[in-house]
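Residues per chain are reported as follows:
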Amino acid sequence: MDFGLSQEQEMIVETVRAFVETEIYPHENEIERSGIVPPELGREIQRKCIELGFYACNFPEEIGGAGLDHVTFTLVERELGRGSLGLTVFFGRPSGILMACEGEQRERYLLPAVRGEKIDALAITEPDAGSDMRGMKCAARRDGGDFVLNGTKHFISHADVADFVIVFAATGEEETSKGIKKKITAFLVDRGTPGFEILKGYDSVSHRGYHNSTLSFTDCRIPEAQVLGEVHRGFDIANQWLYGTRLTVAATCVGRARRVFEMALPYAAERKQFGKPIGANQGVSFKLADMITEIDAADWLTLAAAWRIDAGLAADRQIASAKLYASEMLARVTDEAIQIFGGMGLMDDLPLARFWRDARVERIWDGTSEIQRHIISRDLLRPLGA
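Residues numbered from 1 in each chain as written. Predicted model: local features only at pLDDT ≥ 70, side-chain atom pairs only at ≥ 80, totals over all residues. Heavy atoms only, no water.

Draft legend 1. Examining the packing of helix 8 (residues 316-341) against helix 10 (residues 369-381) more closely. Packing of helix 8 against helix 10 leaves a shortest axis separation of 9 Å and a crossing angle of 145 degrees. Remark: the crossing between helix 8 and helix 10 carries left-handed chirality. Taking contact as the criterion, the partners of Asp316, Arg317, Ala320, Ser321, Lys323, Leu324, Ser327 and Glu328 in helix 8 are, on helix 10, Ser369, Gln372, Arg373, Ile375, Ile376, Asp379 and Leu380. Within the contact of helix 8 with helix 10, the residues separate by chemical class into 5 nonpolar, 4 polar and 6 charged. (Axes fitted to C-alpha atoms, helices over the stretch in contact; angles between N-to-C directions. Helix = DSSP H or I, 4+ residues; strand = E, 2+ residues; numbered from the N terminus. Left-handed = near helix turned anticlockwise from the far one by under 90°. Contact = heavy atoms within 4.5 Å. Nonpolar A, V, L, I, M, F, W, Y, C, P; charged D, E, K, R; others polar.)

Okay, structure coming up:
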């Protein structure tokens, strides 16, 4: 088993980390204070990312992406995880689901997203449908050659800066072994379409500057040509591509945890109490031992899941395990880091309180910890008929 990175991967890690440290870190405190990323700053980050050749690095080279494999892209996401999400969103990783675009959709949505000319957002969650995607009430009915969309989405990340949204809506029902379930279809909906409003979302304690929005659809007419994939097959498209977002969460949690650890370790070595460094006490040194062990475990679990995808192996359970463990690990590591810093850990002079607050949402979005445990347990028990 070879756990080493190639020379190219080492170079990519160093480049992205340097980008985050020079282009993201200096702006974090102001974004945390104001909760707003100035549009010109977002565009500047995007421009520099494009110049580096990393924009849409998760897409194939033949359409303008960098064509990174899943392991290398996971390394990129890990390094981006060190920085404020409100800023790193402009580094530009369009939703992989756009690879389902066909015909004119490629020129109108896919290629502009890859070139950085348009930004997309993914709209699945509703007030009454979070983990239960099939329970969504946002519905589209066919009307001639169009669909008419009505309903509400919320918690839609970075929709405030998006040019178009990939919206999932119920378009019918079907009988299944578990009762009647809704058929889901994905639509490409442009900002400014009549009947479509992007409204301010909720103020969150996590990831300030990275906004969520509420989307409102009132008799919003969408041509059938803007169906992404096939009618009634949106659930299949979502399942095919959402693994990428869960792996991203795992990777960014690892990156953030390493940044926190890199603050706690030297502090434990330098801070003195009772005439010696606090790290000389087992009460602190054992915390550090547990922290780095958990970080390394989450890192390898995440990279192993990415490797399975590249190898063409089933990876649903491994991705769920990575997302579950890394997100819960981050909560423990940030909490212990604050304990090591004591009262200063909760002061605004340090970013630890921000990391602590940011960590909380990772166990909820892109599939709660409970959903990940469900995926893992079903994968284990289903072959046994249970």
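Draft legend 2. Spatial organisation of the state of the cysteines. Taken as a whole, this structure holds 0 disulfides when the rule is applied. Looking at cysteine 101, it has no disulfide partner, and the nearest cysteine sulfur is the one in cysteine 220, 17 Å off. Its relative accessible area of 4% is what places cysteine 101 among the buried residues. You can see cysteine 253 has no disulfide; the closest cysteine sulfur is in cysteine 57, sitting 18 Å from it. Residue classification places cysteine 253 among the buried positions, given a relative accessible area of 0%. (Disulfide = S-S within 2.5 Å. Buried < 20%, exposed > 50% of the residue type's maximum accessible area, 1.4 Å probe, protein only.)

Draft legend 3. Representation of the pattern of salt bridges. Enumeration over the complete set of coordinates arrives at 31 salt bridges. A salt bridge links glutamate 79 to arginine 82, with the nearest nitrogen and oxygen atoms 3.3 Å apart. Glutamate 79 sits in the buried class, given a relative accessible area of 1%. Residue arginine 82 is classed as buried on the basis of its relative accessible area of 2%. When the shortest N-O distance is used, the salt bridge between lysine 153 and glutamate 126 registers 2.9 Å. (Salt bridge = Lys/Arg side-chain N within 4 Å of Asp/Glu carboxyl O.)

Draft legend 4. Representation of the packing of aromatic side chains in the model. Per the counting criterion, the structure on display carries 9 aromatic pairs. Centre to centre, the rings of phenylalanine 196 and phenylalanine 217 are 4.8 Å apart; their planes meet at 5 degrees, and the pair counts as stacked. With phenylalanine 196 in strand 6 (residues 196-200) and phenylalanine 217 in strand 7 (residues 212-223), this residue pair connects regions lying 21 residues apart in the sequence. The exposure classification of phenylalanine 196 matches that of phenylalanine 217, with both residues buried. Seen from their ring centres, tyrosine 210 and tryptophan 365 are 6.0 Å apart, and the 85 degrees between their planes marks the pair as edge-to-face. Placement of tyrosine 210 in the loop between strand 6 and strand 7 and of tryptophan 365 in the loop between helix 9 (352-361) and helix 10 is noted, with a sequence separation of 155 residues between them. Judged by its relative accessible area of 16%, tyrosine 210 falls in the buried class. Given the relative accessible area of 22%, tryptophan 365 is considered partly exposed. A network of ring pairs unites the aromatic residues Phe19, Phe54 and Phe91 as a single cluster. For lysine 118, the ring lying beneath its charged end belongs to tyrosine 109, and the centroid distance is 5.4 Å. (Phe/Tyr/Trp six-rings, centres within 6.5 Å; stacked < 30°, edge-to-face > 60°. Lys NZ or Arg CZ within 6 Å of the ring centre and 35° of its normal.)

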